[in-house]
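Chain and residue survey
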Amino acid sequence: GIIVLSIVVLSRILGGGVSLVRAEVSTHQVTRLRPKIAQTASLVWGVYLVFTVIEVALLMGAGLSPLDSVAYSMSTLSSGGFGTRNLSLADPSFVNVPVIDFVVIVFMILAGMNFNLHYEVFVQRKWRKLVKDPEVRLYVGTIAAASLLLTADLAARGVLAEPAEVGARRSEEH
């Protein structure tokens, strides 16, 4: 998100917006959603805004305050890791923690994907692109494999059954 905004600003100053985008994208081809790079950037920011609003609403529905919902949503989508409490989402004052954790995890995964792809999937309704995209397949596969390995490790050590709050407090004590 911030890179795209920077590219738009720099392209207006230096020119050659597509060249700057090519230098920053992780794939071999630049996907233009609109003819001008500034229009594409606006669409990507629109996706970011929609995701933020949806996540804020879901977190508020799960019991977080408006401030906490906005702070965690913005942090989740930017991968900033900011928390409003010392224990972050493991804070015992948060109710409905599993629902909050689930919402945050889903949006962290979505935020790690290409926002151009989100636009194509959710706005242009190109659903198959999500399944066929090699970057998404590797990304989701890596998350799934790491999750299985970590779950197996926690189960082997007998830590899996502990509530998140207890585990967070224990790690803070050591």
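Residues numbered from 1 in each chain as written. Predicted model: local features only at pLDDT ≥ 70, side-chain atom pairs only at ≥ 80, totals over all residues. Heavy atoms only, no water.

Another aspect to go through is the environment of V99. For V99, the location among the structural elements is in helix 5 (residues 97-111). Spatially, the C-alpha atom of V99 lies 6.4 Å from that of A62, the residues being 37 residues apart in sequence. (Helix = DSSP H or I, 4+ residues; strand = E, 2+ residues; numbered from the N terminus.)

Take the confidence of the model for the chain next. Mean pLDDT over the chain stands at 76; residues scoring 70 or higher make up 67%. By mean pLDDT, the top-scoring element of the chain is helix 8 (residues 134-156) (92), and the lowest-scoring one is helix 2 (residues 17-24) (50). (pLDDT = per-residue confidence, 0-100.)

Here we come to the pattern of salt bridges. This structure, assessed with the given rule, holds three salt bridges. Between R85 and D68 there is a salt bridge, with the nearest N and O atoms lying 2.9 Å from each other. With a gap of 17 residues between them, R85 in the loop between helix 4 (66-78) and helix 5 and D68 in helix 4 connect regions that are remote in the sequence. On the basis of relative accessibility, which here comes to 29%, the residue R85 falls in the partly exposed class. Taking the shortest distance from any N to any O, the salt bridge between E120 and K129 comes out at 2.7 Å. Overall, E120 belongs to the buried group, its relative accessible area being 6%. By relative accessible area, K129 is classed as partly exposed at 36%. (Salt bridge = Lys/Arg side-chain N within 4 Å of Asp/Glu carboxyl O. Buried < 20%, exposed > 50% of the residue type's maximum accessible area, 1.4 Å probe, protein only.)

Among the nonpolar cores identified, the biggest contains 20 residues, and F51, L59, F94 and I100 are the most heavily contacted of them. Where this core is concerned, the elements lending two or more residues are helix 3 (37-61), helix 4, helix 5 and helix 6 (115-123). Per element, the largest residue contribution to this core is seven residues, and it comes from helix 5. Those residues in contact with I100, other than ones at most four positions away along the chain, are L59, A62, L64, L89, F94 and V95. (Core = buried A, V, L, I, M, F, W, Y, C linked by side-chain atoms within 4.5 Å. Contact = heavy atoms within 4.5 Å.)

On the surface, a cluster of nonpolar side chains totalling about 240 Å² of accessible area is made up of V50, I54 and L58. Tracing the chain through its elements places L58 in helix 3. (Patch = residues over 30% accessible without salt bridge, like charges linked within 9 Å, V, L, I, M, F, W, Y side chains within 5 Å. Areas by Shrake-Rupley, 256 points an atom, 1.4 Å probe, with all protein chains shown as cover.)

Turning next to helix 4. Since the α-helix turns once every 3.6 residues, residues separated by three or four places project in the same direction. With 13 residues, helix 4 should cover 18 Å at 1.5 Å per step; its first-to-last C-alpha distance of 18 Å lies within 8% of that length. Taken as a whole, helix 4 has its buried residues at D68, S69, A71, Y72, S73, S75, T76 and L77. (Expected span 1.5 Å × (residues − 1).)

Summed over all chains, the structure comprises three aromatic pairs. Arranged with centres 6.1 Å apart and planes meeting at 80°, the rings of F51 and F122 form a pair that is edge-to-face. Here F122 lies in helix 6 and F51 lies in helix 3, a separation of 71 residues in the sequence. Judged by relative accessible area, F122 falls into the partly exposed class, the value being 35%. Where F122 meets W127, the ring centres are 5.8 Å apart and the plane angle is 80°; that geometry is what we call edge-to-face. Site record: aromatic cluster; members linked through ring pairs are F51, F107, F122 and W127. (Phe/Tyr/Trp six-rings, centres within 6.5 Å; stacked < 30°, edge-to-face > 60°.)

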